[in-house]
Amino acid sequence: MIIYFSATGNCKYVAKRLSEAMGQETVFIPDCMNRDGWAFEDEAIGIISPTYFWGLPSMVKEFLSRASFHTDYLFFVSTYGTTTGASGKMADRAIRGKKIDAYYSVRMADTWTPIFDLSTPEKVAKFTEKTEEEIGDLIEKVRNRYHNDRMSPGVPAAVVDLIAQPMYNAFVRKTSNLHVDDSCIGCGLCERKCPVKAIEMRNKKPVWVREKCVMCLGCLHRCPKFAIQYGNGMTKAHGQFTNPNVKV
Ligand SMILES: Cc1cc2nc3c(=O)[nH]c(=O)nc-3n(C[C@H](O)[C@H](O)[C@H](O)COP(=O)(O)O)c2cc1C
Ligand code: SF4
Ligand code: SF4
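Residues numbered from 1 in each chain as written. Chains lettered and ligands numbered in written order. Predicted model: local features only at pLDDT ≥ 70, side-chain atom pairs only at ≥ 80, totals over all residues.

Asks: Provide a residue-level description of the overall build of the protein chain, including the pertinent values.
Replies: Looking only at helices and strands, the protein chain has 10 helices and 11 strands in total. Its C-alpha atoms give the protein chain a radius of gyration of 18 Å, within 12% of the compact-globule value 18 Å for 248 residues. In the protein chain, which comprises 248 residues, the proportion classed as buried is 40%. (Helix = DSSP H or I, 4+ residues; strand = E, 2+ residues; numbered from the N terminus. Rg over C-alpha atoms; globule rule 2.2 N^0.38 Å. Buried ≥ 20, exposed ≤ 12 C-beta atoms within 10 Å, placed from the backbone.)

The following block contains the structure:
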């Protein structure tokens, strides 16, 4: 069983590749959040998450801390653009009663476009040079039930606990950072796809109705008119990105 979170398709693509190679079903974490049963059982279970602020998206952290996994082989995959930080350590801390048997990472386009520039295929390619090789290696190692005890590349968890995750939770996740411009055509896609239902359409324009969201930037990257931007003024120049191999 492959369990994943994905906003812009990178993790969805890794989940797809693994599920095709292993003949395993995929489970999308946002689809689980409102269901009663949080127990997952299979011979092998893989959890795939993007790295957010050197840690985990808030929804993934919540899911891992509430779910239980019954399996002979539990593996955790972080996709990332610059470093996985302490995402593996955070997954290990969040999961109760079961040790992670192997940690994997796959470098993909960095969708944190308030900083990173994905405005041309050449700029995207700088992140994705080794993506296919790393996915192939991941599949091979999972098939062979490879074991290790930490995620690479990484930074000390203390740095993440002290700086990166408090910043993500206190400032970055605030929906007041997101705004819509006049090019919006009122299609409602952003409202339909938001994994935490943080957007409502009012007078044919998106309005953020929750103070905090996951800040997955899915609404920004998926908008057909690129009408949604993040507050620091850089996202328009840095372009939109969704993984070309899957539908998001
Ligand atoms: C809010 C946010 C924070 C991020 N923080 C990091 C980070 O700390 N390190 C990193 O390497 N990539 C970071 N990224 C990039 C994503 O982890 C990466 O692009 C991932 O593959 C996206 O997965 P998805 O397309 O399945 O949503 C961040 C992206 C977002 C939206
Ligand atoms: S997806 Fe874009 S164009 Fe469609 S309603 Fe949302 S902001 Fe407007
Ligand atoms: S409002 Fe946008 S950034 Fe926030 S969770 Fe929803 S889709 Fe993601």
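Once the structure has been displayed, the description carries forward.
Asks: Requested: an account of the environment of Glu-132, with residues and values cited.
Replies: Along the chain, the position of Glu-132 falls in helix α6 (residues 131-143). Taking the C-alpha atoms as reference, Glu-132 lies 35 Å from Ala-170; in sequence the two are 38 residues apart.

Asks: Can you break down the site of ligand 1 residue by residue, with the values?
Replies: Close to ligand 1 lie 27 residues; Ser-6, Asn-10, Cys-11, Pro-50 and Tyr-80 are nearest. Those elements giving two or more residues to the shell around ligand 1 turn out to be α1 (10-22) and β6 (73-80). Taken domain by domain, the makeup of the shell around ligand 1 includes at least three residues from each of domain 1 (2-162) and domain 2 (174-236). (Near = placed C-beta within 6 Å. Domains from an automatic or database assignment.)

Asks: For the site of ligand 2, give the residues involved together with the corresponding values.
Replies: Every one of the 14 residues lining ligand 2 counts as a neighbour, but Cys-184, Cys-187, Leu-189, Cys-190 and Cys-223 are closest to it. Residues belonging to the shell around ligand 2 are distributed by class as follows: 11 nonpolar, two polar and one charged. (Nonpolar A, V, L, I, M, F, W, Y, C, P; charged D, E, K, R; others polar.)

Asks: Help me get a handle on the sheet that holds strand β7 (residues 102-107), residues and values and all.
Replies: Pairing within the open sheet is parallel, and its five strands lie in the order β2-β1-β4-β6-β7. Two strands close off the open sheet at either side, each with one partner strand: β2 (26-28) and β7. With direction set aside, neighbouring strand axes in the sheet form an average angle of 20 degrees. Bridge count for β6 against β7 is six bridges, and the pairing is parallel. The residue bridging Phe-76 from the neighbouring strand is Tyr-103, located in β7. (Pairing = 2+ DSSP bridges. Axes fitted to C-alpha atoms, helices over the stretch in contact; angles between N-to-C directions.)

Asks: Which residues make up the pairing of strand β10 (residues 205-208), and what values do they have?
Replies: Only one face of β10 is covered, namely the one carrying Pro-206 and Trp-208; the face carrying Lys-205 and Val-207 has none of its residues buried. As paired strands, strand β9 (residues 199-202) and β10 are joined by four bridges and run antiparallel to one another. Among the inter-strand pairings, Arg-202 is bridged to a residue of β10, identified as Lys-205. The turn joining β9 and β10, which pair antiparallel and follow one another in sequence, is formed by two residues; a positive phi near 50 degrees is taken by Asn-203.

Asks: If you had to explain the domain arrangement of the protein chain to someone new, which residues and values would you point to?
Replies: When the parts come together, some accessible area is lost, and that loss is often what is quoted as the size of the interface. Under the domain assignment, the protein chain is made up of domain 1 (2-162) and domain 2 (174-236). Centre-to-centre, using C-alpha coordinates, domain 1 lies 25 Å away from domain 2. On the side of domain 2, 11 residues touch domain 1, which itself brings nine residues to the contact. Of the residues that constitute the side of domain 1 that touches domain 2, the class distribution is five nonpolar, four polar and no charged. (Contact = placed C-beta atoms within 7 Å.)

Asks: A description of the environment of Pro-57 should follow, citing residues and the corresponding values.
Replies: Mapped onto the elements, Pro-57 comes out in the loop between β4 (44-50) and α3 (58-66). Measuring from C-alpha to C-alpha, the distance between Pro-57 and Gln-165 comes to 9.6 Å, with 108 residues separating the pair along the chain. With sequence-adjacent residues up to four places away left out, Pro-57 is seen in contact with Phe-5, Ser-49, Pro-50, Tyr-52, Val-214 and Cys-216.

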